[in-house]
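The primary structure of each chain is shown beneath.
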Amino acid sequence: MKAGAEMKRSAFLKLTDAELTAARRQAKKLVVYGGSILSPLAGHDSSGEYGILLFDLNGNLIAIHGKGKFLEWAEECGIEEGTRWNDESLGPNVVSLGMASDGTVMLAGDEHENAAFSTGVFAYTPINLEESGCIGGLVVAAPIKYNNRGLMMIAITAARAIELQYFWFDMLYRLDSPQEGNGLLVLDQSTGKNNILVVNSEVITILGIEQKDYFYKKLDSVIPRFPENNEFWELIDEAQLAHDRKIVLKIDDKEIVINVSSFPYNEKKFHMQGIIMYFTSLKRINRLIRKYSDTSAKFNFDDIIGEDSIMKAALQRAKMFAYTDSNILIEGESGVGKEMFAQSIHNNSSRWNRPFIAINCATFSKELITSELFGYEGGSYTGAKKEGGMGKFDMANHGTLFLDEISDIPLDLQAILLRVIEERSFRRVGGNDLIHVDVRIIAATNRRLNEQIAHKLFREDLYYRVGALKLSVPPLRERGEDILKIAERFSEQICTRLDKPVAFFSKAAVEFMLRYPWYGNVRELRNTLEGVLSLNNSPVITETMLMEFFTDAPVSSMIGGVLPLKPESVQQPYDDRYYERDEIESILHRFHGNKSRAAKYMGISRGTLYRWMNKYELT
């Protein structure tokens, strides 16, 4: 028996400890989510006869869940974590066949070609995600005397539970508002520790910590248990329910003031419990207050850069619309600057000296948006102020009401909005008096309303009412050289605010910006430059700096090819290697030959500039 056992062990290809660690790191979510499902499931087998094996996409056995008799049998067969179940080492087996077919497979005893599996029964099923496809698989295994067809049902059920686990936490992340300043943090406290399950980039930004993968890191490695952080940790340790609680945190000798909302969760189906937290920076709260309190439009057409022909056409159309009083629908992707167009139209209309009121329809819940639009009478609903509240239509009377993301207005409210636009009158929530208003509507959407109408998500009659005039704002990637002009303006604005010399762009950086698709449009460009300029003191923005700022996905996959890194684009000390001849010539031309201003712009001395000019034979 011993010789046979040794023979079986030798059939398996064994990963090194380093390779196994790397495989588990690569499939970290699969290990964590799989463990939360499989460990208690295998533990429910009172006889300890069967166990569950978890495999990554390469057929590596990365986790074993079982106990008692199963673990003794598995050891005897040579089934260990870190073994690779592929055709090369084992011949066709339950895992390699299942992965090849992306389906369920069950083999028992001699149905395998390899003697290593002769004493067992194995049921394999893949673990598939809707977007990623197969991410691995699991096998329910047992000694052959336990040959129970129920093993396949256990395998399928367990795999679907893991897929549901992925789906639940992924949806939680996606449903979190993507707006700047809204942070989401989800902790797993099932094991008595505070392991991070979900953390979005806004939490990282708010806390001012390094942008990296924090999945299943301990929270106290991010937010230390300093005495100054006791209030925050009491909320965590006691799994408290909190709503907009102001908390001061100390991180790396910095004091950060945030608002926190939190609530515990206990998902028995997923065998997970913990706490979900929403972070909001006070800066964003103050910004929202200013946004929703301000009744003026700041932007004008001169603020919009538009040298590209397609943008010139949009600007010309918008200027024509400003001279009318018809309702306007502005269409365009998120971040293209739809509100800048709306404010510019208002400021060039006959209503320029009247209020401009903006509301983002996606910001408010179904219950609140009605009162936000039309106001409410005192005591009309729980939490309402005694004196009542004025709605946005009231505030915009004789002026312009900008309805951003109008496609997010609930369907039943769309009928009310249509009637208000047609009749120019409404009643406040809980009120009886009819209020008459004179309001011009400018609506905006980043969705295709024709498709929304086809799916019965948006009313066709409202579409024609708000879209008497239609304006399409092109995405940034279609605006050619406008990208560079906008980037230069942002660079000047950001550097001025940061009290830095204005940075300019290397040739490689310019080529990168023209090739990158900018799916977040002008907003993404500004945020990118904000991050790059905040983290670097160089007077030159290089391709490397831009590429390093993108951490969510390989940049090459977004621009359709690998971008070669030029040696001069790598950040170096300020010496002769840093500036090319044409860059220096361009700066001198920009400042009309004024060498003092050019040197100051470049962050160097006049002597260094003269030395470089002599080197490149510039007069």
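What you see is a predicted model, and the numbers here were worked out from it, not measured in a lab. (Residues numbered from 1 in each chain as written. Predicted model: local features only at pLDDT ≥ 70, side-chain atom pairs only at ≥ 80, totals over all residues. Heavy atoms only, no water.)

A word on the sheet that holds strand β6 (residues 120-129)
Next, step 1: The strand order across the open sheet formed by five strands is β3-β2-β7-β6-β5, and the pairing between neighbours is antiparallel. Strands with a single pairing partner mark the edges of an open sheet, and in this sheet they are β3 (61-65) and β5 (105-108). With strand direction ignored, the average angle separating the axes of adjacent strands in the sheet is 20°.
Next, step 2: Along the sheet face, helix α3 (residues 28-43) touches β2 (51-56), β3, β6 and β7 (133-143) and points at about 170° away from the line of β2.
Next, step 3: Strands β2, β5, β6 and β7 of the sheet are contacted by helix α6 (residues 94-101), whose axis makes an angle of about 160° with β5. (Pairing = 2+ DSSP bridges. Helix = DSSP H or I, 4+ residues; strand = E, 2+ residues; numbered from the N terminus. Axes fitted to C-alpha atoms, helices over the stretch in contact; angles between N-to-C directions. Contact = heavy atoms within 4.5 Å.)

Quick look at the sheet that holds strand β18 (residues 440-445)
Next, step 1: Ordered in space as β14-β15-β18-β13-β19, the five strands form an open sheet in which the pairing is parallel. The strands lining the two open edges of the sheet, one partner per strand, are β14 (356-360) and β19 (469-472). Geometrically, the sheet is characterised by an average inter-axis angle of 20° between neighbouring strands, direction not taken into account.
Next, step 2: Examined bridge by bridge, β14 and strand β15 (residues 400-404) share five bridges and lie parallel to one another. By the bridge assignment for β15, Ile359 is matched with Leu403.

A short note on helix α19 (residues 507-515)
Next, step 1: Three or more residues of α19 are buried, namely Ala508, Ala509, Phe512 and Met513. Each buried residue of α19 sits inside an arc of 135° when the element is viewed along its axis, so together they form one side. (Buried < 20%, exposed > 50% of the residue type's maximum accessible area, 1.4 Å probe, protein only. Arc of directions from axis to C-beta.)

A closer look at the nonpolar core
Next, step 1: In terms of nonpolar packing, the biggest core is built from 38 residues, with Leu30, Leu138 and Leu197 touching the most fellow members.
Next, step 2: Looking at this core, the element that brings in the most residues is helix α7 (residues 150-175), giving eight residues.
Next, step 3: Those residues in contact with Leu138, other than ones at most four positions away along the chain, are Leu38, Ile52, Leu53, Leu54, Ala123, Tyr124, Thr125, Ile127, Ala155, Ala158, Ala159 and Ile162.
Next, step 4: Ile357, Ile409, Ile421 and Phe458 belong to the second largest nonpolar core, which has 30 residues in total. (Core = buried A, V, L, I, M, F, W, Y, C linked by side-chain atoms within 4.5 Å.)

Focus: the packing of aromatic side chains
Next, step 1: Counted under the stated rule, the structure contains 20 aromatic pairs.
Next, step 2: Relative to Phe117, the ring of Phe12 has its centre 5.8 Å away and its plane inclined at 70°; by these criteria the two rings are edge-to-face. In this pair, Phe12 sits in the loop between α1 (2-10) and β1 (13-14) while Phe117 sits in the loop between β5 and β6, placing the two residues 105 residues apart along the sequence.
Next, step 3: By relative accessible area, Phe12 is classed as buried at 8%.
Next, step 4: Exposure remark for Phe117: the relative accessible area of 1% places this residue in the buried category. (Phe/Tyr/Trp six-rings, centres within 6.5 Å; stacked < 30°, edge-to-face > 60°.)

Quick notes on the confidence of the model for the protein chain
Next, step 1: Per-residue pLDDT for the protein chain averages 82, and the proportion of residues at 70 or more is 83%.
Next, step 2: Mean pLDDT across the elements of the protein chain ranges from a minimum in α1, with 40, to a maximum in strand β13 (residues 328-331), with 96.
Next, step 3: Across residues 1-10 the pLDDT falls below 50, and counting only partners more than four positions away or on other chains, this stretch makes twelve contacts in the model. (pLDDT = per-residue confidence, 0-100.)

Focus on the pairing of β13
Next, step 1: With four bridges joining them, β13 and β18 adopt parallel strand pairing. Pairing of Ile328 across the sheet is with Ile442, part of β18.
Next, step 2: Looking at chain direction, β13 and β19 are connected through four bridges and run parallel. Bridge pairing links Leu329 to Lys470 in β19.

Describing α6
Three- or four-residue spacings in an α-helix give side chains the same orientation, since the helix completes a turn every 3.6 residues.
Next, step 1: Within the sequence span of α6, burial applies to Val94, Val95, Ser96 and Gly98.
Next, step 2: Asp102 occupies a position one or two residues after α6 and carries a positive phi of about 50°.

Section: the pattern of salt bridges
Next, step 1: Under the counting rule described, the total for this entry stands at 17 salt bridges.
Next, step 2: We note a salt bridge from Arg225 to Asp237, for which the minimum N-O separation is 3.0 Å. Of this pair, Arg225 sits in the loop between α8 (201-207) and α9 (230-237) while Asp237 is found in helix α9, placing the two residues twelve residues apart along the sequence.
Next, step 3: The exposure class of Arg225 is partly exposed, given its relative accessible area of 43%.
Next, step 4: Arg447 serves as the salt-bridge partner of Asp408, at 3.4 Å between the closest nitrogen and oxygen. In this pair, Asp408 is assigned in the loop between β15 and α15 (411-423) and Arg447 in the loop between β18 and α16 (449-454), connecting sequence segments 39 residues apart.
Next, step 5: Classification of Asp408 as partly exposed rests on a relative accessible area of 30%.
Next, step 6: The class for Arg447 is partly exposed, based on a relative accessible area of 38%. (Salt bridge = Lys/Arg side-chain N within 4 Å of Asp/Glu carboxyl O.)

Remarks on the packing of helix α18 (residues 482-497) against helix α20 (residues 521-535)
Next, step 1: Between α18 and α20, the shortest axis-to-axis distance is 10 Å and the interhelical angle comes to 45°. When the axes of α18 and α20 are compared, the pair comes out oblique. Between α18 and α20 lies a crossing whose hand is right-handed. Across the interface between the two elements, Ile483, Ile486, Ala487, Phe490, Ser491, Gln493, Ile494, Cys495 and Arg497 of α18 pack against Val522, Leu525, Arg526, Leu529, Glu530 and Leu533 of α20.
Next, step 2: Residue composition of the contact of α18 with α20, by class: ten nonpolar, two polar and three charged. (Parallel < 35°, antiparallel > 145°, perpendicular 65-115°, else oblique. Left-handed = near helix turned anticlockwise from the far one by under 90°. Nonpolar A, V, L, I, M, F, W, Y, C, P; charged D, E, K, R; others polar.)

Points about the side chain of Glu524
Next, step 1: As for its position among the elements, Glu524 is in helix α20.
Next, step 2: Buried charge without a partner: Glu524 forms no salt bridge, and the closest opposite charge is Arg477, 7.5 Å away.
Next, step 3: A polar atom in the side chain of Glu524 sits 3.2 Å from the backbone nitrogen of Tyr519. (Lys, Arg positive; Asp, Glu negative; His and termini not counted. Polar contact = N/O pair within 3.5 Å; in protein donor to acceptor, adjacent residues only side chain to side chain.)

Describing the pairing of β6
Next, step 1: Most of β6 is tucked away: nine of the ten residues are buried.
Next, step 2: Sheet topology places β6 next to β7; ten bridges connect them, and they run antiparallel. Counted as the bridge partner of Gly120 is Pro143 from β7.

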